[in-house]
Amino acid sequence: MNFFRGVILQQALLFITMLFLPFIIMAQSTSIEKIGLQLGWKHQFQYAGFYIAKEYGFYQDVDLDVSIKEFDHSIDIVNEVVSGQVNFGIGKSSLLIERYNGKPVVALGALYQTSPSVLVTTNPSFKSLKDIRGKRIMVTEDAVRSASITSMLLSNGISGNDFVRQKHSFNYNDLIKGNTDAMACYLSNEVFYLAKKNIPYKIFNPKDYGYYFYGDILFTSENEIVSSPERVRKFYAASKKGWLWAFENIEKTAQLIYEKYNTQNKSLESLIYEGKVLKKLAFIKGIDFGHISINKFNHIAEVFRLGNMLDKVGSLNMFVDPLNLNRTQVKIGVLATRGIEATLKRWTPLTKYLNTKLDNYYFTVVPLDFDQLSVDIANNKIDFFITNSLYYVQLEHLYGASRIATLLNNDSSTLDKFSEFGGVIFTKVDNKNINHIEDIKGKSFAAVDKHSFGGWIMAYEEFINHGMTQDDIKLTFLKTHDAVVEAVLKGDVESGTIRTDTLERLVNEGKIKLSDIKVINLKSHKGFPYLVSTQLYPEWPFSKLKHTPNKLANEVLSALLNISPVHKVFKEIKADEWTVPLDYSAVHGLLKKLHISPYEFNEINLVDVFKKYTLIIYAVTLGLILLIFRVVYINKLNKTLDSYNFILDKEVKERTINLEKANKRLKILAKTDPLTGINNRGYFFSQANKYFNIAIRNKTPLHQLMLDLDFFKDINDKYGHHAGDLVLKEFTQTIEKTLRNSDLFGRIGGEEFSIILQDTSIEGAKLFAERIIENVENLQIISANEVIKITVSVGLVTLKDEDSIHELLKKADVALYKAKTSGRNQYVYMN
């Protein structure tokens with residue numbers, strides 16, 4: 001019987017499955033989105049990540065069916081994407097120009113941090129770029145597509161009229177047969193075939209001339225971003241997964257392309273070679289795959305502008321990765337003591353500043369109350385937090401947090417900065433019943449929270465100092481400082497306490513009048529501008545959690561310490577300033593005094609003990625009583641010694657901190673020119689000697705430039721020494737923008753400077769000297785409403801067989817002298 005029941009059940013299930021199978025298939029098929037990707041060229045390893053994502057199911061995993069379309073010359077990729085014919089496309093850095101020409105394109109990520117596009121020649125007469133004049137070059141007619149090469153040529157004084165532009169055949173055999181003198185090629189393609197055939201060639205790489213353009217850029221349209229942001233995120237994440245797999249498995253990826261996407265009939269060897277070359281261009285140390293930077297695009301935009309390919313440079317926020325696909329999310333939890341709206345208004349400028357300075361990350365403010373802040377820290381839901389000093393000490397004890405900076409509170413009226421704050425005890429001005437702290441006894445009193453330092457604990461210390469306890473007042477916690485002020489002024493409570501500067505901020509916001517407030521226990525602290533009723537304690541710290549990487553914390557600390565009122569970003573954003581973390585031992589001391597976590601403990605009450613053990617105490621002998629008195633006496637002596645030790649420890653600690661600060665200042669002064677902030681003469685030569693020895697040992701190129709401001713004495717005489725100092729500062733800042741991280745720059749004398757370049761060709765060094773002269777000549781310095789124009793003379797030499805850096809310096813001095821005697825505002829090169 002059971003057998004037949006089982007058969008019948010199986011048949012029923014099979015019937016139901018067959019009945020609903022078409023609907024199941026239809027539901028699955030309708031959930032898959034069909035989208036298109038337009039490539040920038042023919043199928044090859046250049047687009048490997050997309051093939052992997054498609055063939056290995058990464059797109060299917062996120063419900064996407066991606067059609068990958070090969071390029072042909074009839075296609076305008078930008079128009080295809082903007083018109084919606086395809087959802088995504090592959091472009092170049094020149095997408096920036098398309099954007100400024102009104103095309104709503106959006107750059108999502110860079111496949112290659114450095115462009116593989118180079119100029120290749122097999123003509124043995126080509127020694128430098130200047131030899132291109134009058135020769136034939138195969139480069140795309142659209143100068144925008146070859147922007148990196150065009151910029152390289154323009155920087156060497158070569159315009160499109162100085163050579164014969166040939167239609168690009170995209171066939172390297174034209175180089176071999178002499179049908180052209182030079183060709184725009186990819187490092188990953190044509191160079192391979194020339195090397196394979198043992199054809200001598202020379203490469204002119206824009207990177208060697210200071211042009212670090214992105215290679216292929218994945219882009220979409222603004223409409224796609226606005227209408228389908230989640231689809232963009234899914235496509236980008238799956239594609240990135242494909243790219244990472246492709247570069248980790250180059251040979252397997254090349255095999256896949258060879259078998260399924262080999263429309264150009266490339267050899268497997270050439271595809272593997274292409275993958276290895278492109279991997280070096282896609283990954284730069286310290287930068288994640290796909291990363292794209294507003295700062296780098298601003299530099300590219302400036303190059304386009306100088307090359308007359310772009311008229312203006314504006315905001316790039318909507319153009320560069322508006323969905324933050326390539327930026328690590330960083331959350332900063334902030335104690336919302338004035339409510340969510342006020343917290344966001346106060347602290348969002350800080351995240352805007354950090355997002356500008358650290359474009360690998362995307363910082364957001366998370367307003368949190370006291371309880372939720374602790375919960376989010378415990379669950380690692382935030383990476384940093386900003387809270388009051390007392391709550392920080394408690395969270396440090398519970399979760400191992402550590403402070404990296406301390407807030408400098410800005411007084412908007414004087415622009416002074418303060419690293420301490422206090423509490424304000426106040427009532428309504430017409431409250432005749434409260435004039436002193438003791439008058440608050442037995443009356444209603446509002447505070448912010450039991451963990452609020454300025455909004456409760458500091459006032460509580462004052463109550464203790466005046467012989468009162470928490471039980472002596474009718475205490476209510478209202479969660480925010482604004483709520484406390486509102487409750488007092490409305491008469492809901494008779495008095496309350498908030499942190500200093502709250503009243504002044506509410507006055508500036510037009511929400512209250514200070515004339516309606518009466519401050520209780522008013523105190524005065526030297527130089528402190530706010531109304532205050534308590535002692536002062538260190539300001540709020542900026543703190544990291546244990547899981548937050550030290551590298552990120554160090555970058556944030558560096559950015560915080562570099563916030564300055566004179567900084568352009570600061571003027572636009574108005575973020576708070578910060579300093580190195582202060583000593584919070586005073587906060588620990590207050591917590592100990594008030595027996596608050598983490599120093600809570602029950603104090604022994606001798607009266608209660610006596611009452612409980614009366615019969616036993618009466619039974620003790622006189623000798624035990626004398627012993628007790630002796631113990632009491634010894635305890636008093638120990639307390640006195642502890643007090644002296646505390647004072648001594650504090651003084652030693654303060655002196656140690658002051659000594660460390662002085663030592664740091666001395667180290668900086670020992671290395672830095674005090675006026676310009678660059679290396680001084682002594683430190684410059686100590687480092688230059690190291691560069692010299694490394695170049696000798698490794699047989700690498702080394703060049704020295706001696707720079708001297710022309711007619712600097714005339715500037716001092718005509719405009720005064722203040723203007724002369726300004727000229728020196730502006731001059732050094734202009735030079736610093738031109739330098740690489742590996743270059744050495746220092747002030748040798750009054751208006752004399754020197755630069756050491758290593759691992760640079762002589763052509764690159766000469767270009768560098770020309771760029772300096774041009775940038776300085778274009779500099780406009782305004783002093784006392786007058787525009788000061790300056791020029792610079794440069795002596796350039798190359799290390800040959802000199803025995804020391806000082807011999808090289810002498811030769812550079814001779815070259816500099818020749819530059820000045822030959823008319824100034826030029827450089828002279830000496831072998």
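Everything numeric here is computed off the predicted structure, so don't read it as measured data.

S.K.: Before we move on, can you summarise the overall build of the protein with the specific residues and values?
M.R.: From N to C terminus, the protein includes 30 helices and 31 strands. The C-alpha radius of gyration of the protein comes to 36 Å, more than 25% above the 28 Å expected for a compact globule of 831 residues. Its C-alpha atoms give the protein principal-axis dimensions of roughly 120 × 115 × 60 Å. Looking at the protein as a whole, 47% of its 831 residues are labelled buried. Put simply, of all contacts in the protein between residues at least 6 apart along the chain, 76% involve residues at least 24 apart. Taken as a whole, the protein presents about 42300 Å² of accessible surface, with 53% of it coming from carbon and sulfur. Taken as two groups, the 101 positive and 93 negative side-chain charges of the protein have centres that lie 2 Å from each other.

S.K.: Hey, could you go over the environment of Leu594 for me, with residue numbers and the actual values?
M.R.: Among the secondary structure elements, Leu594 is positioned in helix α22 (residues 585-594). Leu594 gets classed as buried once you look at its relative accessible area, which sits at 10%. Separated by 225 residues in sequence, Leu594 and Asp369 have C-alpha atoms that sit 23 Å apart. Once residues within four sequence positions are removed from consideration, Leu594 is found in contact with Ile457, Tyr460, Glu461 and Ile464.

S.K.: Outline the packing of aromatic side chains, supporting the account with residue identities and numerical values.
M.R.: Enumeration over the complete set of coordinates arrives at 43 aromatic pairs. Look at Trp41 and Phe170: their rings are 4.6 Å apart centre to centre, the planes differ by 40°, and that puts the pair in the tilted class. One end of the pair, Trp41, is in the loop between β1 (33-38) and α2 (48-55); the other, Phe170, is in the loop between β7 (164-166) and α7 (173-176), with 129 residues separating them in the sequence. A relative accessible area of 29% places Phe170 in the partly exposed class. Through pairs of rings, three or more aromatic residues link up here, namely Phe45, Phe50, Tyr59, Phe88, Tyr112, Phe235, Trp243, Phe247, Phe283 and Phe289.

S.K.: Could you give an account of the environment of Lys280, with specific residues and numbers?
M.R.: Following the sequence through the fold, Lys280 ends up in helix α12 (residues 268-282). Counting along the chain gives 33 residues from Lys280 to Phe247, while the straight-line C-alpha distance between them is 9.8 Å.

S.K.: Please set out the pairing of strand β18 (residues 444-447) residue by residue, giving values where relevant.
M.R.: Going residue by residue along β18, you find Ser444 and Ala446 tucked away on one face and Phe445 and Ala447 tucked away on the opposite face as well. Of the pairings in the sheet, the one linking β18 to strand β19 (residues 474-477) comprises 4 bridges and is parallel in character. When the bridges of β19 are listed, Ala446 appears paired with Thr476. With helix α17 (residues 453-465) bridging β18 and the parallel β19, this β-α-β connection has right-handed handedness. Sheet topology note: the β18/strand β20 (residues 495-499) ladder contains 2 bridges and is parallel. If you follow Phe445 over to β20, its bridge partner there is Ser495.

S.K.: Break down the packing of helix α26 (residues 681-698) against helix α30 (residues 805-821) for me, with residues and values.
M.R.: The geometry of α26 relative to α30 is characterised by a closest axis approach of 9 Å and an angle of 100° between their N-to-C directions. In terms of orientation, α26 and α30 fall into the roughly perpendicular class. On α30, the residues touching Phe685, Ala688, Asn689 and Phe692 of α26 are Ile805, His806 and Leu809. Looking at the contact of α26 with α30 residue by residue, the classes come out as 5 nonpolar, 2 polar and no charged.

S.K.: For the sheet that holds β1, give the residues involved together with the corresponding values.
M.R.: In spatial order, the strands read β2-β1-β3-β10-β4; together these 5 strands make up an open sheet with mixed pairing. The open sheet terminates on both sides in strands that have one partner only, identified here as β2 (64-69) and β4 (105-110). Shown here is a sheet whose adjacent strand axes are inclined to one another by a mean of 30°, direction ignored. Bridge count for β4 against strand β10 (residues 217-221) is 5 bridges, and the pairing is antiparallel. Bridging across to β10, Gly109 finds its partner in Leu218. This element, α2, spans β1, β2, β3 (88-91) and β10 of the sheet and lies at about 145° to β2.

S.K.: Now, about the pattern of salt bridges: what can you tell me, with residues and values included?
M.R.: Any two side chains of opposite charge can pair, given that their charged atoms come close. All told, the structure shown has 34 salt bridges when counted by the stated rule. Among the ionic pairs, Glu222 bridges to Arg99, the shortest N-O distance being 2.6 Å. Linking Glu222 in helix α9 (residues 222-227) with Arg99 in helix α5 (residues 95-100), this pair joins segments that are 123 residues apart in sequence. One salt bridge connects Asp717 with Lys713, and the closest N-O pair in it is separated by 2.9 Å. Linking Asp717 with Lys713, this pair stays in helix α27 (residues 712-719), spanning 4 residues, or about one helical turn.

S.K.: Any details on the nonpolar core? Residues and values, ideally.
M.R.: Formed by 88 residues in total, the largest nonpolar core has its most connected members in Leu37, Phe50, Leu119, Phe235 and Phe297. The dominant element in this core, judged by the number of residues it contributes, is helix α10 (residues 229-248), at 7 residues. In this structure, Phe235 is in contact with Ile35, Leu37, Phe50, Tyr59, Leu64, Val66, Phe88 and Leu218, ignoring residues within four places of it in sequence. In this structure, Leu350, Phe363, Phe426 and Ile512 belong to the second largest nonpolar core, which totals 79 residues.

S.K.: Report on the packing of helix α11 (residues 250-260) against α12, specifying residues and quantitative values.
M.R.: Relative placement of two packed helices is described by the angle separating their axes and the distance separating the axes. Two elements in contact, α11 and α12, have axes separated by 9 Å at closest approach and are oriented at 130°. Relative to α12, the element α11 lies oblique. With respect to the hand of their crossing, α11 and α12 are arranged in right-handed fashion. Contacts from Ile250, Glu251, Ala254, Gln255, Ile257 and Tyr258 of α11 reach α12 at Leu268, Leu271, Ile272, Gly275, Lys276 and Lys279.

S.K.: Which residues make up helix α14 (residues 340-357), and what values go with them?
M.R.: If you check α14, its first and last C-alpha atoms are 25 Å apart, about what 18 residues at 1.5 Å a residue would give, namely 26 Å. Along its length, α14 reaches its greatest deviation from straightness, about 35°, at Trp347, and the proline Pro349 lies no more than four positions downstream. Among the residues of α14, those classed as buried are Thr343, Trp347, Pro349, Leu350, Thr351, Tyr353, Leu354 and Asn355.

S.K.: Pulling in residues and values, what's your account of a nonpolar patch on the surface?
M.R.: Residues Leu624, Leu627, Ile628, Val631 and Val632 make up a contiguous nonpolar surface patch of about 390 Å² in total accessible area. Take Leu627: its relative accessible area is 45%, and that puts it in the partly exposed class.

S.K.: Please set out the side chain of Asp501 residue by residue, giving values where relevant.
M.R.: With respect to the element layout, Asp501 can be found in the loop between β20 and α19 (502-508). Taking the relative accessible area as the measure of exposure, Asp501 reaches 5% and is therefore buried. Side-chain polar atoms of Asp501 contact the side chain of Asn409, separated by 2.5 Å. Excluding its chain neighbours within four sequence positions, the residues that come into contact with Asp501 are Asn409 and Tyr530.

About the cut-offs
Residues numbered from 1 in each chain as written. Predicted model: local features only at pLDDT ≥ 70, side-chain atom pairs only at ≥ 80, totals over all residues. Heavy atoms only, no water. Helix = DSSP H or I, 4+ residues; strand = E, 2+ residues; numbered from the N terminus. Rg over C-alpha atoms; globule rule 2.2 N^0.38 Å. Buried < 20%, exposed > 50% of the residue type's maximum accessible area, 1.4 Å probe, protein only. Contact = heavy atoms within 4.5 Å. Areas by Shrake-Rupley, 256 points an atom, 1.4 Å probe, with all protein chains shown as cover. Lys, Arg positive; Asp, Glu negative; His and termini not counted. Charge placed at Lys NZ, Arg CZ, Asp CG, Glu CD. Phe/Tyr/Trp six-rings, centres within 6.5 Å; stacked < 30°, edge-to-face > 60°. Pairing = 2+ DSSP bridges. Right-handed = clockwise from strand over helix to strand, strands pointing away. Axes fitted to C-alpha atoms, helices over the stretch in contact; angles between N-to-C directions. Parallel < 35°, antiparallel > 145°, perpendicular 65-115°, else oblique. Nonpolar A, V, L, I, M, F, W, Y, C, P; charged D, E, K, R; others polar. Salt bridge = Lys/Arg side-chain N within 4 Å of Asp/Glu carboxyl O. Core = buried A, V, L, I, M, F, W, Y, C linked by side-chain atoms within 4.5 Å. Left-handed = near helix turned anticlockwise from the far one by under 90°. Expected span 1.5 Å × (residues − 1). Bend = angle between axes of the 7 residues up to and from the residue. Patch = residues over 30% accessible without salt bridge, like charges linked within 9 Å, V, L, I, M, F, W, Y side chains within 5 Å. Polar contact = N/O pair within 3.5 Å; in protein donor to acceptor, adjacent residues only side chain to side chain.

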